[in-house]
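Below are the chains, spelled out letter by letter.
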Amino acid sequence: MTTQEENRDEHLLVQTSARRFDLLCINGPSLLTRIPYTVSSVQYLPADTYQSMRFRILGPLQICGGDEIASPVRRAILTALLLTDGRTLGVAELAELLWDEPPRSATANIRTHLAGLRRDLDRAEPGLSGMLRTIRGTQCGYGLRAGPDDVDLPKFTAAARRGRTQLLHGELCEAIDSFEEAIAMWHGPFGQDLPATRWFCAHVAGLNNVRVDAYQGLFTACILADRIELLSYRIESAIAEAPYRQRLWELLAAVHCINGDAVSALEVIKRCQVLLAEDLGLDLPPSIEAMRSAALTWDRDEALRLVTAQALGTYDGSNPQPGGQHSSP
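Heads up: these notes are all about the structure in this document. Quick caveat: nothing in here was measured; it's all calculated off a predicted structure. (Residues numbered from 1 in each chain as written. Predicted model: local features only at pLDDT ≥ 70, side-chain atom pairs only at ≥ 80, totals over all residues. Heavy atoms only, no water.)

1. Quick word on the overall build of the protein chain
Helix and strand counts for the protein chain come out as 13 helices and 7 strands. Put simply, the protein chain has 329 residues, and 46% of those count as buried. Once local pairs closer than 6 in sequence are excluded, the contacts in the protein chain between residues at least 24 apart make up 62%. Accessible surface computed for the protein chain: about 16,400 Å², of which carbon and sulfur atoms make up 51%. (Helix = DSSP H or I, 4+ residues; strand = E, 2+ residues; numbered from the N terminus. Buried < 20%, exposed > 50% of the residue type's maximum accessible area, 1.4 Å probe, protein only. Contact = heavy atoms within 4.5 Å. Areas by Shrake-Rupley, 256 points an atom, 1.4 Å probe, with all protein chains shown as cover.)

2. Structural notes on the packing of aromatic side chains
Taken as a whole, this structure holds 3 aromatic pairs when the rule is applied. Summarising the aromatic geometry, the rings of Phe-156 and Trp-186 are spaced 5.7 Å apart at their centres and angled 85° between planes, so their arrangement reads as edge-to-face. Residue Phe-156 is located in helix 6 (residues 152-168), and its partner Trp-186 is located in the loop between helix 7 (172-184) and helix 8 (198-224); the two are separated by 30 residues in the primary sequence. The pair formed by Phe-156 and Trp-186 is uniform in burial state, with each residue classed as buried. When the ring of Trp-199 is compared with that of Phe-200, the centres are 4.9 Å apart and the planes differ by 85°; the resulting orientation is edge-to-face. Overall, the relative accessible area of 0% leaves Phe-200 in the buried class. (Phe/Tyr/Trp six-rings, centres within 6.5 Å; stacked < 30°, edge-to-face > 60°.)

3. A short note on the side chain of Thr-79
Residue position: Thr-79 is located in helix 3 (residues 72-83). Beyond its immediate sequence surroundings of up to four residues, Thr-79 is in contact with Leu-61, Phe-190, Leu-194 and Phe-200.

4. Considering the sheet that holds strand 3 (residues 89-90)
Spatially, 3 strands are ordered 3-5-4 in an open sheet, and the strand pairing comes out antiparallel. Of all the strands in the sheet, the pair left with one neighbour each is strand 3 and strand 4 (132-135). Examined bridge by bridge, strand 4 and strand 5 (residues 141-144) share 4 bridges and lie antiparallel to one another. By the bridge assignment, Thr-134 is partnered in strand 5 with Tyr-142. Set on the sheet, helix 3 makes contact with strand 3, strand 4 and strand 5; between it and strand 5 the angle comes to about 70°. (Pairing = 2+ DSSP bridges. Axes fitted to C-alpha atoms, helices over the stretch in contact; angles between N-to-C directions.)

5. So, the environment of Asp-301
Mapping Asp-301 onto the fold places it in helix 13 (residues 300-312). Between the C-alpha atom of Asp-301 and that of Ile-258, which follows or precedes it by 43 residues, the distance is 7.4 Å.

6. Re the side chain of Gln-216
Within the secondary structure layout, Gln-216 lies in helix 8. The exposure class of Gln-216 is buried, given its relative accessible area of 12%. What Gln-216 contacts, discounting residues up to four positions off in sequence, is Arg-245, Arg-247, Leu-248 and Leu-251.

7. A closer look at the nonpolar core
Of all hydrophobic cores here, the largest spans 91 residues; its most connected members are Phe-55, Leu-78, Phe-156, Phe-219 and Ile-223. At 12 residues, helix 8 tops the list of elements feeding residues into this core. What Phe-156 contacts, discounting residues up to four positions off in sequence, is Leu-58, Ala-182, Met-185, Trp-186, Val-210, Arg-211 and Ala-214. (Core = buried A, V, L, I, M, F, W, Y, C linked by side-chain atoms within 4.5 Å.)

8. Considering the pattern of salt bridges
Per the stated rule, a full pass over the model turns up 16 salt bridges. Between Glu-181 and Arg-162 there is a salt bridge, and its shortest N-O distance comes to 2.9 Å. Taken as a pair, Glu-181 in helix 7 and Arg-162 in helix 6 lie far apart in primary sequence, 19 residues in all. Residue classification places Glu-181 among the partly exposed residues on the basis of a relative accessible area of 23%. On the accessibility criterion, Arg-162 (33% relative accessible area) is partly exposed. Put simply, Arg-54, Glu-125 and Asp-150 are held in one network by salt bridges that share partners. (Salt bridge = Lys/Arg side-chain N within 4 Å of Asp/Glu carboxyl O.)

9. What to know about the packing of helix 7 against helix 8
A pair of packed helices can be characterised by two numbers: the angle between their axes and the separation between those axes. For the pair helix 7 and helix 8, the least separation of the axes is 9 Å and the interaxial angle reads 150°. As the angle between them shows, helix 7 and helix 8 are arranged roughly antiparallel. In this structure, helix 7 meets helix 8 at a crossing whose hand is left-handed. Across the interface between the two elements, Leu-172, Ala-175, Ile-176, Phe-179, Glu-180 and Ile-183 from helix 7 touch Ala-214, Tyr-215, Gly-217, Leu-218, Ala-221, Cys-222 and Leu-224 from helix 8. The residue makeup of the contact of helix 7 with helix 8, split by class, is 11 nonpolar, 1 polar and 1 charged. (Parallel < 35°, antiparallel > 145°, perpendicular 65-115°, else oblique. Left-handed = near helix turned anticlockwise from the far one by under 90°. Nonpolar A, V, L, I, M, F, W, Y, C, P; charged D, E, K, R; others polar.)

10. Observations regarding helix 13
Taking 1.5 Å of rise per residue, the 13 residues of helix 13 would be expected to cover 18 Å, and the 19 Å separating its terminal C-alpha atoms lies within 8% of that figure. Taken together, the buried positions of helix 13 are Glu-302, Ala-303, Leu-304, Arg-305, Leu-306, Val-307, Thr-308, Ala-309 and Leu-312. Where helix 13 begins, the capping side chain belongs to Asp-299, and its oxygen is found 3.3 Å from the backbone nitrogen of Asp-301. Remark: Gly-313 follows helix 13 within two positions and exhibits a positive phi of approximately 75°. (Expected span 1.5 Å × (residues − 1). Polar contact = N/O pair within 3.5 Å; in protein donor to acceptor, adjacent residues only side chain to side chain.)

11. Quick look at helix 4 (residues 91-98)
Those residues of helix 4 that sit buried are Val-91, Leu-94, Ala-95, Leu-97 and Leu-98. The arc that holds every buried residue of helix 4, seen down its axis, measures 160°, which confines them to one face. Across from the buried face of helix 4, at angles greater than 90 degrees, the exposed residues are Ala-92 and Glu-96. Residues of helix 4 that are buried make contact with helix 3, strand 3, helix 5 (106-124), strand 5 and helix 8. (Arc of directions from axis to C-beta.)

Here it is, written out as structure tokens:
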């Protein structure tokens, strides 16, 4: 392909995406009168980025580029210290995090495991146990002095937040890069080997939810940027992990509808309808009903408008009518 042909293709992509965001501006809030669109190359994280992080908790716990801690109690203690972001945890508080009903030996067990955790840290990196602080006195407790570059969670949070902001401002390629960077921080589901206590279960649900949120942001940006090659496969994979996320089903149906494959879009919506009805006793949500209306009328622009409205939070939940028209309930 010649340079002239490459420039032509890039220009067509910008024009297509600009047209889509003109549609967004017409149907979106009045303050978004014009949303700029810029093209950027995909940014990939250097391999040593992960190795430079001392603690990775977004997935099975790893320290110093891959070393794992054998003891499940020590893994849970280290994870708790990382999740509390350097705050000092008293022995009694740690016990309540590790056990819903702490045993009588909880204090002795925690101190024994903390001594073992220090050895594990030094084994992974000499002197690393120096990050683990012991506070003595009337308020005895423990804390982990880790910087923002030492842990993957703050990096994920920053990248995902940046991606959401860029998406709202129409910086689609930049949003894709940011969401891909955030998702790349993960190396598996969080919390599979943690105690099933109330405190840990809350963190497991919360972190796995924000991971799916990042996927949803990525898929939305890809659709609006017209970068939908193999996107249906990626969305299907995300649905396998979070089957009750209605937004994923809506985005999957939208991809098929925008591609002109109304039959596949309707099949996706039918699968969602059966799942919600049989597992949860729920009807299809209005946003997916609206996507079905778009598929039935082969209206790819309406499907795109629905994706845009959901991204901006401007979908009004009105009842879909044939032809992509809407009426208030």
